[in-house]
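Residues per chain are reported as follows:
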Amino acid sequence: MTSEEFDQLRIKLPQWVEESRRHGTEGKVASYIPELSKAPIEALGIHILDGQGRSISAGDCSLSFTMQSISKVFTLILALLDNGEEAVFSKVGMEPTGDNFNSMLKLELVQPGIPFNPLINAGAIAISSLIAGEHSLDKSARVLHFFRMLAGNDTLDYDYDVYRSESETANLNRSMAYLLKDNGVLEGEVEEVLDVYFRHCSINVTCADLASMALVLSSDGVNPRTGKQLIPRRYVQIAKTFMTTCGMYNASGEFAIQVGLPAKSGVSGGILTMVPGKYGIGLVGPSLNRKGNSIAGVDLLQTMSQHFDWSLF
Ligand code: DON
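In every chain, residue numbers begin from 1 and rise along the written sequence. Where local features are concerned, this predicted model is filtered to residues with pLDDT of at least 70; where side-chain atom pairs are given and counted, the filter is 80 or more; whole-chain, interface and lining totals use all residues. For side-chain calculations, the full set of non-hydrogen atoms in the structure is used, while hydrogens and water are omitted.

**Observations concerning the overall build of the protein**
Piece 1. Across its full length, the protein holds 13 helices and ten strands.
Piece 2. Its C-alpha radius of gyration of 18 Å places the protein within 12% of the 20 Å reference for a compact globule of 313 residues.
Piece 3. Overall, the protein is about 55 × 40 × 35 Å in size when its C-alpha atoms are taken along their principal axes.
Piece 4. Looking at the 313 residues of the protein, the share that counts as buried comes to 55%.
Piece 5. If you take every contact in the protein between residues at least 6 apart in sequence, the share linking residues at least 24 apart comes to 69%.
Piece 6. Carbon together with sulfur atoms contributes 49% to the accessible area of the protein, which is approximately 12,700 Å² in total.
Piece 7. For the protein, the distance from the average position of its 26 positive side-chain charges to the average position of its 35 negative side-chain charges is 2 Å. The helix and strand labels rest on DSSP assignments: H or I over at least four residues marks a helix, E over at least two residues marks a strand, and numbering proceeds from the N terminus. Atoms considered for the radius of gyration are the C-alpha atoms alone. The globule rule reads 2.2 Å times the number of residues to the power 0.38. The cut-offs for exposure are 20% and 50% of the maximum accessible area for each residue type, with area from a 1.4 Å probe on protein chains only; residues under the lower value are buried, those over the upper are exposed, and the others partly exposed. Note on definitions: a residue-residue contact is assigned when non-hydrogen atoms from the two residues lie within 4.5 Å. A 1.4 Å probe and the Shrake-Rupley method give the accessible areas. Residues count as covered only by the protein chains that appear here. The positive count covers Lys and Arg only, the negative count covers Asp and Glu only, and His and the chain ends enter neither. One atom stands in for each charge, and that atom is NZ of Lys, CZ of Arg, CG of Asp or CD of Glu.

This is the structure:
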């Protein structure tokens, strides 16, 4: 990667953040998990990290927020490490749905009733049941440990207010999980599986944590700072492919055209993305469009990708 590009990024980023921030107010902060409605609607922050340990941050980059659906990328990887490809893909498919992230329509309509992919809610709930561990708390402890290792941050922890808020109001996810149990997809007690899921969605991060996790994916599973292979290359390849086809839900096609990078969004407004072989990127902008993606965040990524010609396609 050229230092010139990094220097240009450093100069241009603050202005681009302010321009994209203005689009934020066109959307809404998620409120179906009541605790998330407290997020600042006008916030926008970003952190970019390269393999030499250089970083750039701009905007509200000290804001902490819960990972929500971004966590699904990494629970998928842990489930692959625990069970292998064959077992995982006997419980979840590999196809985008074209439906909302919390839709259960196809679980009934399309046989054999397994979730279409691991990044929709139904798929991630199925993945939670595949994490190794005796009880939900053992499984959750393994997830948290894995996330801390990838972020290089031993202080990552749950936001218990968000965890409780989701757990108390998750009627739709609960009904989906019971349907999955009936379809033979879930192992173990439904409430235990859901507890693992609610916990990993509520892990609190900053943009810098997301950038560190993304950098490992952008370097084919290696931590560029230590040279250590943290994730097998094949599992990184699977994760990045899902991020490209399903990571921005039913806006993944549009995002592929406008930005062209593997990415994963969450309803707290976070986006984890990367320029493969170059940068890990974490950003947050809590104001969402109707498909659940950060409006200002997508706008900012579009500006950067088009300026530097980052699209993979
Ligand atoms: O299950 C839920 O609805 C949330 N914990 C996660 C959803 C989410 O982040 C979808 N993202 N766009």
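That shown, we press on.
**So, helix H2 (residues 71–83)**
Piece 1. Multiplying one less than the number of residues by 1.5 Å gives the expected span of a helix. In this model, H2 (13 residues) spans 18 Å end to end at C-alpha, consistent with the 18 Å of a helix rising 1.5 Å per residue.
Piece 2. In terms of burial, H2 is largely enclosed, as ten of its 13 residues are buried.
Piece 3. Residues of H2 that are buried include every one of Ser71, Lys72, Val73, Phe74, Thr75, Leu76, Ile77, Leu78, Ala79 and Leu80, and no others.
Piece 4. In the stretch just after H2, Gly84 is the one whose phi turns positive, near 85°.

**Digging into the domain arrangement of the protein**
Piece 1. Domain annotation for the protein reports domain 1 (3–67 + 206–308) and domain 2 (69–201).
Piece 2. On a C-alpha basis, the centroid separation for the pair domain 1 and domain 2 is 22 Å.
Piece 3. Across the boundary between the two partners, domain 1 contributes 35 residues, which contact 40 residues of domain 2.
Piece 4. Buried surface at the junction of domain 1 and domain 2, summed over both partners, amounts to about 3,100 Å²; 75% is from carbon and sulfur atoms.
Piece 5. Area buried by domain 1 at its contact with domain 2 is led by Met67, Tyr235 and Phe242, which between them contribute 22% of it.
Piece 6. Just to be clear on terms, a salt bridge is a Lys or Arg side-chain nitrogen sitting within 4 Å of an Asp or Glu carboxyl oxygen. One can count one salt bridge joining domain 1 with domain 2.
Piece 7. Here Glu85 ties to Arg234 by a salt bridge, and the two come within 2.9 Å at their closest N and O atoms. The source of the domain bounds is an automatic or database domain assignment. The buried area of a pairing is the accessible area, by a 1.4 Å probe, that goes missing from both parts when the two are put together, added over both.

**Details of the packing of aromatic side chains**
Piece 1. Two rings from Phe, Tyr or Trp (for Trp, the six-membered ring) form a pair when their centres are within 6.5 Å of each other. A pair whose planes differ by under 30 degrees is stacked, one over 60 is edge-to-face, and the rest are tilted. Scanning the entire structure with this criterion turns up eleven aromatic pairs.
Piece 2. For the pair Phe101 and Tyr249, a centre-to-centre distance of 5.2 Å together with 50° between the ring planes defines the contact as tilted. On the criterion of sequence distance, the pair formed by Phe101 in the loop between helix H3 (85–88) and helix H4 (105–109) and Tyr249 in the loop between helix H11 (233–246) and helix H12 (252–258) is long-range, its members being 148 residues apart.
Piece 3. Each residue in the set Phe6, Trp16, Tyr279, Phe308 and Trp310 is aromatic and connected to the rest through ring pairs, giving one cluster.
Piece 4. Only when the NZ atom of a Lys or the CZ atom of an Arg is both within 6 Å of the ring centre and within 35 degrees of the ring normal do we say a charge sits over the ring. Over the ring of Phe6 we find Arg54; its NZ or CZ atom is 4.5 Å from the centre of that ring.
Piece 5. The cationic tip of Arg199 hangs over the ring face of Tyr163; the distance from NZ or CZ to the ring centre is 4.6 Å.

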